[in-house]
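Secondary and tertiary structure notes
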Amino acid sequence: MRIATWNINGVKARIEALTAWLKEASPDVVCLQEIKSVDEGFPREPISALGYNIETHGQKGFNGVAILSKRPMEDVRRGLPGDEPDAQSRFIEALVPGENGMVRVCSAYMPNGNPIGTEKFALKIDWHARLEGWAARKLELEEPLVIAGDYNIIPEPIDTKYPENWSGDALYQPESREAFRRLCALGLTDAIRAVDDRPGVFTFWDYQAGAFQKNNGIRIDHLLLSPEASDLLIQVGIDKHVRAWEKPSDHVPVWVELAA
DNA sequence: ATGGTTGAAACTCAA
């Protein structure tokens, strides 16, 4: 089973790139972030025509997450436990059937947190604390679990071309990096890092100043695996070539293949 | 040092 995560930066602006990539990569499950659409505005037809079931958790204008799956999903839940009733739409989870049992998958769009020292940064830290609590409870189930999404965290210096440029940014603050380490310390595996620990492996390149052409990127889209999912890990990938397509997202798809 | 870009929505914000 291949499970991908992709911050598509607007599903309606990206529908051609999304369908082209679905045809090319044919993933079993796709976690989308920043759909920037209400549920009723989500372009379902061209996606369901490719054989995908669709579960969305959108909002007007920005944020919004979704899960696409070839097999029908079960136990779909929207929102991160502890969210206020009017919280931003940043989390959706579902159980996905595999060849040998269920995999729990969530699509998360973690707060950006800029500028530091503001309420936005406080929200980022609070959000991660609640995610950590959620993850700890799910890990007790001892099931294959994939926490996929745009974490908006650069975990280590090798995850950016110019670490010094990010010293004042919420994505690289010690508190942000600590939140990521604490998640991993629960027993979760950073799938890309586990397979490839070389510097210069990125998932996001800014639209500005020719960042992609210079490979001035960062690695902020992650798939964290429970021990039971990690035991099933076959391979990982980053579909970097998609960033060079017409009208690209600033993020590219990142995926794992599990023997599930 | 500044500005460089994009999407959604609406005469600006979030990234």
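Scoring rules and cut-offs
Residues numbered from 1 in each chain as written. Chains lettered and ligands numbered in written order. Predicted model: local features only at pLDDT ≥ 70, side-chain atom pairs only at ≥ 80, totals over all residues. Heavy atoms only, no water. Pairing = 2+ DSSP bridges. Helix = DSSP H or I, 4+ residues; strand = E, 2+ residues; numbered from the N terminus. Contact = heavy atoms within 4.5 Å. Axes fitted to C-alpha atoms, helices over the stretch in contact; angles between N-to-C directions. UniProt positions renumbered as here; feature names shortened; annotations may be inferred. Buried < 20%, exposed > 50% of the residue type's maximum accessible area, 1.4 Å probe, protein only. Polar contact = N/O pair within 3.5 Å; in protein donor to acceptor, adjacent residues only side chain to side chain. Near = heavy atom within 4 Å. Nonpolar A, V, L, I, M, F, W, Y, C, P; charged D, E, K, R; others polar. Core = buried A, V, L, I, M, F, W, Y, C linked by side-chain atoms within 4.5 Å. Salt bridge = Lys/Arg side-chain N within 4 Å of Asp/Glu carboxyl O. Phe/Tyr/Trp six-rings, centres within 6.5 Å; stacked < 30°, edge-to-face > 60°. Lys NZ or Arg CZ within 6 Å of the ring centre and 35° of its normal.

**Remarks on the sheet that holds strand β9 (residues 189-190)**
Spatially, the six strands line up as an open sheet ordered β5-β6-β7-β8-β12-β9, and their pairing is mixed. The sheet is open, and its two edges are formed by β5 (74-78) and β9, each paired on a single side. Where helix α3 (residues 119-139) meets the sheet, its contacts fall on β6 (91-98), β7 (101-109) and β8 (145-150), and the angle it forms with β6 comes to roughly 25°.

**Regarding the UniProt feature "site: Interaction with DNA substrate" (unreviewed entry) in chain A**
In this structure's numbering, the residues bearing the UniProt feature "site: Interaction with DNA substrate" (unreviewed entry) are H251. Topologically, H251 is positioned in the loop between β13 (233-238) and β14 (254-258). The class for H251 is buried, based on a relative accessible area of 4%. Once you skip the residues sitting within four places of it in the chain, H251 turns out to touch W6, N7, D150, T203, F204, I220 and D221.

**A short note on the side chain of S69**
Tracing the chain through its elements places S69 in strand β4 (residues 65-69). At a separation of 2.6 Å, a polar atom in the side chain of S69 contacts the main-chain carbonyl oxygen of R71. Excluding residues within four positions of it along the chain, S69 makes contact with D28, V29, G51, Y52, N53 and V96.

**Things to note about the protein's contact with DNA strand B**
Near DNA strand B there are 15 residues, and of these A13, R14, K60, Q208 and K247 occur at the shortest range. The contact in question runs from a phosphate oxygen of DNA strand B to an N or O atom on the side chain of K120, over 3.5 Å. Split by residue class, the surface near DNA strand B holds three nonpolar, five polar and seven charged.

**Description of the nonpolar core**
Generally speaking, a soluble globular protein has its nonpolar side chains buried in company with each other. Ranked by internal contacts, the top residues of the largest apolar core, which has 26 residues, are I3, V146 and L258. Those elements that place two or more of their residues in this core are β2 (29-33), β4, β6, β7, β8, α5 (191-195), β12 (221-225) and β14. When residues no more than four places from it in sequence are discounted, the contact partners of L258 are M1, I3, V146, L225, A229, L232, L233 and I234. Judged by nonpolar contacts, the second largest core, of 21 residues, contains I8, A17, I47 and V242.

**Re the pattern of salt bridges**
Side-chain pairs of opposite charge can arise whenever the charged atoms involved come near each other. Inspection of every chain in the model, using the stated rule, returns 14 salt bridges. A salt bridge links E93 to R104; its shortest N-O distance comes to 3.3 Å. In this pair, E93 is assigned in strand β6 and R104 in strand β7, connecting sequence segments eleven residues apart. For R104, a relative accessible area of 8% corresponds to the buried category.

**Describing the sheet that holds β14**
The pairing of strands in a sheet happens through backbone hydrogen bonds and is either parallel or antiparallel. Reading across the sheet, the six strands line up as β3-β4-β2-β1-β14-β13 and stay open at both edges, with mixed pairing between neighbours. At either margin of the open sheet sits one strand with a lone partner, and together these are β3 (53-57) and β13. Going across the sheet, the axis of each strand differs from the next one's by a mean of 15°, ignoring polarity. Relative to β14, β13 runs antiparallel, the two being bridged by five bridges. Paired with Q235 across the two strands is E257, which belongs to β14.

**Here's the deal with the packing of aromatic side chains**
Scanning the model with the defined rule gives five aromatic pairs in all. Their ring planes at 85° and their centres at 5.7 Å tell us that Y151 and F180 sit as a pair that is edge-to-face. Taken together, the residues Y151 in the loop between β8 and α4 (174-185) and F180 in helix α4 connect sequence positions 29 residues apart. According to the relative accessible area criterion, Y151 is buried, its value standing at 0%. With 5.0 Å between their ring centres and 80° between their planes, W205 and F212 make a pair best called edge-to-face. Across the pair, exposure class does not vary: W205 and F212 are buried alike. Through pairs of rings, three or more aromatic residues link up here, namely F91, W127 and W134. Here the guanidinium or amino end of R2 rests over the ring plane of W255, the centre of that ring lying 5.7 Å away.

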